[in-house]
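Residues per chain are reported as follows:
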Amino acid sequence: MTIRVVVADDQELVRSGFAMILDAQEDIEVVAEVGDGAAAVEAVARLAPDVALLDVRMPVLDGIEACRRIAAGGGCRTVMLTTFDSDEYVYEALHAGASGFLLKDVRRDDLVHAVRVVAEGESLLAPSVTRRLIEEYTAATAGPPAAARELSARRLEVLTVRERETLLHLGRGSSNAEIAVALTVSEHTVKSHVGNVLAKLGLRDRIQAVICAYETGLIAAGTPSGK
């Protein structure tokens, strides 16, 4: 199966560089290169790709709003591209429906891996972006108010002990392999736990699990990410 990709970035060299790397893969085809968010939304609607790479900051329509519109249409998953891991829009973009975040200085192999992972329905965050997301969120909010946190935490009552532990590690940005080591189980078992957590809590992907871990108070504000 060929993964169809739209690349959207207002910097031509960045856009063409990513497209060249992806097009060189036997299982990936770049079906469009565009320079702004509005063109990205149009290209996705017209070409029905599997994945859209979106720069966070673009003219006409920024990447966050483009992501929100693409996510609303369903079918295409988005990976946001950002220059700095301190990008102030990370949290907002995740809520808009982004399936992953990558820094623009990403290694060639990691870019290709990210597209494949997201196309398979998983989510991906660069470790440094995961750390920054957690730091920014906890610094800005110090966690939700106690009453709201208690109410939100009741969502977790449907989880088994192992599933709560899995969510804790997801909230820290851990990979399946890292969770398997921490829980002393196989990666296959971890994958089952992750699937159960997402299904029981009605979460779209691992990124929403990170947010959930903080909003329910499972991970307290200021807790190290472990990365």
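The preceding data block contains the structure.
This write-up is about the structure you can find in this document.

Let us now look at the pairing of strand β5 (residues 100–103). Here β5 shows a buried face lined by Gly100 and Leu102 and a second buried face lined by Phe101 and Leu103. Bridge analysis of strand β4 (residues 77–82) against β5 gives 4 bridges, and the strand direction is parallel. Among the inter-strand pairings, Thr82 is bridged to a residue of β5, identified as Leu103.

Moving on, we come to a negative patch on the surface. Side chains of Glu12, Asp23, Glu29 and Glu33 sit close together on the surface and give a patch of like negative charge. Elements that contribute at least two residues to the negative patch include exactly α1 (12–23) and β2 (28–34). Along the chain, Asp23 turns up in helix α1.

Next up on the list: the environment of Pro59. Position of Pro59 relative to the elements: it lies in the loop between β3 (51–55) and α3 (63–73). Each C-alpha atom, one on Pro59 and one on Gly37, is 6.8 Å from the other, the two residues being 22 residues apart in sequence. Those residues in contact with Pro59 that lie beyond four places of it in its chain are Asp10, Gly35, Asp36 and Gly37.

Contact geometry of helix α8 (residues 161–171) with helix α9 (residues 176–183) gives a least axis separation of 10 Å together with a crossing angle of 130°. As far as their axial angle goes, α9 and α8 are oblique. For the pair α8 and α9, the sense of crossing is right-handed. Contacts between α8 and α9 involve Arg162, Glu165, Thr166, His169 and Leu170 from the former and Ile179, Ala182 and Leu183 from the latter.

Counting buried residues along β4, 6 of its 6 residues qualify, which places the element largely inside the surrounding structure. Where burial is concerned, the two faces of β4 agree: the one with Arg77, Val79 and Leu81 and the one with Thr78, Met80 and Thr82 are both buried. Examined bridge by bridge, β3 and β4 share 5 bridges and lie parallel to one another. Among the inter-strand pairings, Val51 is bridged to a residue of β4, identified as Arg77. Read from β3 through α3 to β4, the crossover connection turns out right-handed.

Mapped onto the elements, His169 comes out in helix α8. Assessed through its relative accessible area of 14%, His169 is described here as buried. Filtering out sequence-adjacent residues up to four positions away, His169 remains in contact with Ser174, Ile179, Ala182 and Leu183.

Quick notes on the rules
- Residues numbered from 1 in each chain as written.
- Predicted model: local features only at pLDDT ≥ 70, side-chain atom pairs only at ≥ 80, totals over all residues.
- Heavy atoms only, no water.
- Buried < 20%, exposed > 50% of the residue type's maximum accessible area, 1.4 Å probe, protein only.
- Helix = DSSP H or I, 4+ residues; strand = E, 2+ residues; numbered from the N terminus.
- Pairing = 2+ DSSP bridges.
- Patch = residues over 30% accessible without salt bridge, like charges linked within 9 Å, V, L, I, M, F, W, Y side chains within 5 Å.
- Areas by Shrake-Rupley, 256 points an atom, 1.4 Å probe, with all protein chains shown as cover.
- Salt bridge = Lys/Arg side-chain N within 4 Å of Asp/Glu carboxyl O.
- Lys, Arg positive; Asp, Glu negative; His and termini not counted.
- Charge placed at Lys NZ, Arg CZ, Asp CG, Glu CD.
- Contact = heavy atoms within 4.5 Å.
- Axes fitted to C-alpha atoms, helices over the stretch in contact; angles between N-to-C directions.
- Parallel < 35°, antiparallel > 145°, perpendicular 65-115°, else oblique.
- Left-handed = near helix turned anticlockwise from the far one by under 90°.
- Right-handed = clockwise from strand over helix to strand, strands pointing away.

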